[in-house]
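Take a look at the letters that make up each chain.
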Amino acid sequence: MIKRLKLFSFSSWQQVFGEARTRILLWYLLIFAITFLIAIPAFRYKLYQRIDERVHQNMVEDMAAFNGLIKGETFAPNDALTEDDPEDTVIGPEQLKWLLAGNKQIAPPTSKEDLIGLFRAYLLYRLPKDDSYFITFIDGKFYKSSPRMRPKLLAKDSPLMQRWAKQTKPEQGEKEFSSPDLSKILYMVEPIKINGQTQGVFVIAHNTDDDRSETLEAVSVIIEVSSLVFVVSFILAWLAAGRVLAPLRTITTTAHAISESDLTQRLPARGKGELAELAMTFNEMMDRLEAAFATQREFINDAGHELRTPITIIRGHLELMGDDPQEQQETLTLVIGELDRMSRLVDDMILLAKAERLDFLQLATVNVADLTQELFVKAQALAERDWQIDAVAKGQIIVDRQRITEAVMNLAQNATQHTRKSDTISIGSAIAKGKVRFWVRDTGEGILLTDQKRIFERFARISNSRRRSEGAGLGLSIVRAIAEGHGGQVLLRSQLGKGSMFTIVLPLDPPQEMSAYAQHSHR
């Protein structure tokens, strides 16, 4: 029991993963995952780049303000002045406010004392951005910084600080650390020279850890939200895919419901698009199958009826046959005649079955005039009639000579069965407008209009005939099959009491698929 449950569970999951919508959604999941894996690092890198650009711009502005102060250019603090640390000011607060307010100018430092005052003023009245540091050095030693609290890696005796203190040329760059407190720092270094000697160094440094932490937090939020949205969209896509692919399940259900006895099932074709076109194509296929099965059933019924009659005749005569040699000879002659009729019927049925195959025709170039004369000579042997030739076309055509001969002989044989010895039967051919025509015309009894619509059907016979046809009613069906095999048709023009005219109309150039098959078969 457990083994059966396991097999059932495995087959159920196998069926689910084999469904079209499952495969579509799995591909969707794979594409989304690959896109996500590429997009998230790219998004994080882009944010880091934006942060570095923004920080670098702020550092450039701060350094420009400091250089302007050094060169005696206009200096205006970017923040409101405060008096939280008045003891650090070199001059009185009111005088400093007057100097730094508006478009006032400060003279460039000419001594170490002037530089110290300038450092104090700048650190006091221009506040650095968050996680940024203004660091000053005098005579190769740390002087002051704003803010005073700095990371350990920026302590005054750290290697980086000592290198900055001895800097003699401007520099800007970045420095990465393996410390959890500080991973990367951006910096700009500006040495200050007085009388050609480096008296101090001004450094702007920025710790990117907090910015990057915020970025990572934002990325994690994006990942969480995107994952939630993806799960919801995946479920909705699963349901939507099931609805979109519902016609496929309908096709499967309909296909299972179809049997040889019931071919009436059809799919509802709604709207436009691939699925609607698939439904219409399926319905057209079912129409063809239903028509083919109906024709097959009718053909089998008619063939059974036609074969049953000679079999019944043969059995009846054999059962009643006596010991008289003459009677036995007459019965034997009758039986052979019925067997010949059955043989002709079977041959005709085989010929009609072959008409649906590509190898039904053996195409070759034929001279129309020679073929017409040949048909006329052969037709004269069928019966004693007033045989005539109406016209003879001149030219070359590509046809199956044997099949065309068979079709015209069937028409001629049909004409002899519905005419008298005094009637005229004419044969002719013509080429015009890219078509070749072969016709058989007679002055016999003619055909009713109602019979003209069904005369080419299998086992069909006309109802007004004065004599019974010797055939099984397959002759005109064979003619139509041969004409259609060449890509042509059979036309009938008849008037009751005045005669009939059957015309085989064929294209001068055979269909491409027939030509391709003929070329391939002759290699």
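Residues numbered from 1 in each chain as written. Predicted model: local features only at pLDDT ≥ 70, side-chain atom pairs only at ≥ 80, totals over all residues. Heavy atoms only, no water.

Details of the nonpolar core
Point 1. Grouped together as the largest cluster of nonpolar side chains are 38 residues, with contacts concentrated most on Ile404, Val408, Phe438 and Ile504.
Point 2. Where this core is concerned, the elements lending two or more residues are helix 10 (368-380), strand 8 (396-399), helix 11 (401-417), strand 9 (424-432), strand 10 (435-442), helix 13 (475-485) and strand 12 (499-507).
Point 3. When residues of this core are assigned to their parent elements, the largest contribution, 7 residues, is made by helix 11.
Point 4. With residues near it in sequence (within four places) discarded, isoleucine 504 still touches Ala407, Val408, Leu411, Val436, Arg437, Phe438, Val479, Ala483 and Gln489.
Point 5. Counting 21 residues, the second largest nonpolar core, distinct from the first, contains Phe66, Leu186, Met188 and Ile204. (Core = buried A, V, L, I, M, F, W, Y, C linked by side-chain atoms within 4.5 Å. Buried < 20%, exposed > 50% of the residue type's maximum accessible area, 1.4 Å probe, protein only. Helix = DSSP H or I, 4+ residues; strand = E, 2+ residues; numbered from the N terminus. Contact = heavy atoms within 4.5 Å.)

A word on the side chain of glutamate 445
Point 1. When you line up the elements, glutamate 445 lands in the loop between strand 10 and helix 12 (449-452).
Point 2. The buried category is assigned to glutamate 445, whose relative accessible area is 6%.
Point 3. Within the structure, the side chain of glutamate 445 is placed 3.1 Å from the side chain of histidine 418, a separation counted as a polar contact. (Polar contact = N/O pair within 3.5 Å; in protein donor to acceptor, adjacent residues only side chain to side chain.)

A look at the packing of helix 2 (residues 20-70) against helix 6 (residues 209-244)
Point 1. Where helix 2 contacts helix 6, the axes come no closer than 11 Å and their chain directions differ by 160°. Taken together, the axes of helix 2 and helix 6 are roughly antiparallel relative to one another. For helix 2 against helix 6, the interelement crossing comes out right-handed.
Point 2. Counted by class, the contact of helix 2 with helix 6 contains 21 nonpolar, 5 polar and 6 charged residues. (Axes fitted to C-alpha atoms, helices over the stretch in contact; angles between N-to-C directions. Parallel < 35°, antiparallel > 145°, perpendicular 65-115°, else oblique. Left-handed = near helix turned anticlockwise from the far one by under 90°. Nonpolar A, V, L, I, M, F, W, Y, C, P; charged D, E, K, R; others polar.)

What about the confidence of the model for the protein chain?
Point 1. Residues at a pLDDT of 70 or more form 80% of the protein chain, whose mean pLDDT is 78.
Point 2. When the elements of the protein chain are averaged for pLDDT, helix 3 (residues 93-100) gives the smallest value, 44, and strand 10 the largest, 95.
Point 3. Note on residues 3-8: pLDDT is under 50 here. Beyond four places in sequence and across chains, it has 0 contacts.
Point 4. This stretch, residues 75-105, has a pLDDT under 50; its non-local contacts, to residues over four places away or in other chains, come to 49 contacts. (pLDDT = per-residue confidence, 0-100.)

Observations regarding the packing of aromatic side chains
Point 1. In the structure shown here, the tally under the stated rule is 12 aromatic pairs.
Point 2. Aromatic side chains phenylalanine 66 and phenylalanine 119 sit 5.9 Å apart centroid to centroid with 20° between the ring planes, which places their arrangement in the stacked category. Here phenylalanine 66, found in helix 2, pairs with phenylalanine 119, found in helix 4 (residues 112-125); they are 53 residues apart in sequence, far enough to count as distant. Considered together, phenylalanine 66 and phenylalanine 119 belong to a single accessibility category, that of buried residues.
Point 3. An aromatic cluster of three or more residues is present, and its members are Phe66, Phe119, Tyr122, Phe134, Tyr143 and Phe202.
Point 4. Here the guanidinium or amino end of lysine 144 rests over the ring plane of tyrosine 143, the centre of that ring lying 5.8 Å away. (Phe/Tyr/Trp six-rings, centres within 6.5 Å; stacked < 30°, edge-to-face > 60°. Lys NZ or Arg CZ within 6 Å of the ring centre and 35° of its normal.)

Some points on the sheet that holds strand 1 (residues 132-138)
Point 1. If you trace the 5 strands from one edge of the open sheet to the other, you get 2-1-5-4-3, paired in antiparallel fashion. Looking at which strands have only one partner, the edges of the open sheet turn out to be strand 2 (141-146) and strand 3 (171-176). On average, adjacent strands in this sheet sit at an angle of 25° to one another, irrespective of strand direction.
Point 2. Strand direction decides the pairing type here: strand 3 and strand 4 (residues 184-194), joined by 6 bridges, are antiparallel. In the sheet register, lysine 175 faces strand 4, and the bridge partner there is isoleucine 185. (Pairing = 2+ DSSP bridges.)

Focus: the environment of valine 189
Point 1. Mapping valine 189 onto the fold places it in strand 4.
Point 2. Residue valine 189 is classed as buried on the basis of its relative accessible area of 2%.
Point 3. Measuring from C-alpha to C-alpha, the distance between valine 189 and glutamine 167 comes to 7.7 Å, with 22 residues separating the pair along the chain.
Point 4. Setting aside residues up to four positions removed in sequence, valine 189 forms contacts with Trp164, Gln167, Pro170, Glu171, Val201, Phe202 and Val203.

Observations concerning the pattern of salt bridges
Point 1. Tallied over the full model, the rule gives 8 salt bridges.
Point 2. We note a salt bridge from aspartate 52 to lysine 184, for which the minimum N-O separation is 3.2 Å. Of this pair, aspartate 52 sits in helix 2 while lysine 184 sits in strand 4; the two residues are 132 residues apart in sequence, bridging distant segments of the chain.
Point 3. Judged by relative accessible area, which is 5%, lysine 184 ranks as buried.
Point 4. A salt bridge links aspartate 139 to lysine 112; the nearest nitrogen and oxygen atoms lie 2.2 Å apart. With aspartate 139 in the loop between strand 1 and strand 2 and lysine 112 in helix 4, this residue pair connects regions lying 27 residues apart in the sequence.
Point 5. When its relative accessible area of 40% is taken as the criterion, aspartate 139 is described as partly exposed. (Salt bridge = Lys/Arg side-chain N within 4 Å of Asp/Glu carboxyl O.)

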